[in-house]
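As a plain string of letters, each chain reads:
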Amino acid sequence: MKIIEECKCVIQTANGCFLTAVNKGGMGEPANRLPIHTDATKLDIWEMFEVLTVGGGKVAIKTGNGKFFTAVKGGGIGEAANTLPVHTDSTHIDSWEFFTLCYLDNGKCAIKTPSGHYITAVNNGGMSDSSGKSAICTDAATVGAYEKFKLIFF
């Protein structure tokens, strides 16, 4: 697979918090229940991602340690049904690691999973492992407030 462009960024939820790849990524299930948090108010290495443009309108999202953000089963997983909607431990880009950035007004975007669902920041962000629930779901069929993110590139 040819990578067309690589851009470093942070991903901000609608409430102003940032996505965190715990341990800079590399976490999957069942050993690591919550690989992504949405409660960071300050930026550090765990909040840094790379968006890799791979063509056909698709991107892959790489964590700080070089692993890839994965929508388990391509998306469609919500908290009530399953607590395993995302991983950050993939070492390569395959079908579950392809996303589409859907640009919206005011510099926001929605992140569409391979199954056509959207990434959701549960409770609009601000969640960590202390909540006991997944901070991210992948089952939204439409874009609402919780599905709007700001990608800040640098």
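Conventions we followed
- Residues numbered from 1 in each chain as written.
- Predicted model: local features only at pLDDT ≥ 70, side-chain atom pairs only at ≥ 80, totals over all residues.
- Heavy atoms only, no water.
- Core = buried A, V, L, I, M, F, W, Y, C linked by side-chain atoms within 4.5 Å.
- Buried < 20%, exposed > 50% of the residue type's maximum accessible area, 1.4 Å probe, protein only.
- Helix = DSSP H or I, 4+ residues; strand = E, 2+ residues; numbered from the N terminus.
- Contact = heavy atoms within 4.5 Å.
- Pairing = 2+ DSSP bridges.
- Polar contact = N/O pair within 3.5 Å; in protein donor to acceptor, adjacent residues only side chain to side chain.

Peer 1: Is there a simple way to explain the nonpolar core in this structure?
Peer 2: It is characteristic of soluble globular proteins that their nonpolar side chains tend to be buried jointly. Among the nonpolar cores identified, the biggest contains 21 residues, and F99, F149 and L151 are the most heavily contacted of them. Breaking this core down by element, the ones donating at least two residues are β1 (5-12), β2 (18-21), β4 (49-55), β5 (58-62), β6 (68-71), β9 (109-112) and β10 (118-121). In contact with L151, other than residues within four places in its own chain, are C9, V10, I11, V51, L101 and C109. Formed by five residues, the second largest nonpolar core is a distinct cluster that contains L52, V54, A60 and F68.

Peer 1: Teacher, can you tell me more about the pairing of β10 here?
Peer 2: On a regular strand, each side chain points to the face opposite its neighbour's, so the side chains alternate between the two faces of the sheet. Where burial is concerned, the two faces of β10 agree: the one with Y118 and T120 and the one with I119 and A121 are both buried. Looking at chain direction, β10 and strand β11 (residues 136-140) are connected through three bridges and run antiparallel. By the bridge assignment for β11, T120 is matched with C137.

Peer 1: What is the right way to look at the side chain of Q12 in this model?
Peer 2: In this fold, Q12 is placed in strand β1. Of the residues examined, Q12 reaches a relative accessible area of 17% and is grouped as buried. Within the structure, the side chain of Q12 is placed 3.1 Å from the backbone oxygen of G16, a separation counted as a polar contact. When sequence neighbours within four positions are dropped, the list of residues in contact with Q12 reads C17, F18, K148, F149, K150 and I152.

Read these as layout, nothing more, since geometry by itself doesn't imply function.
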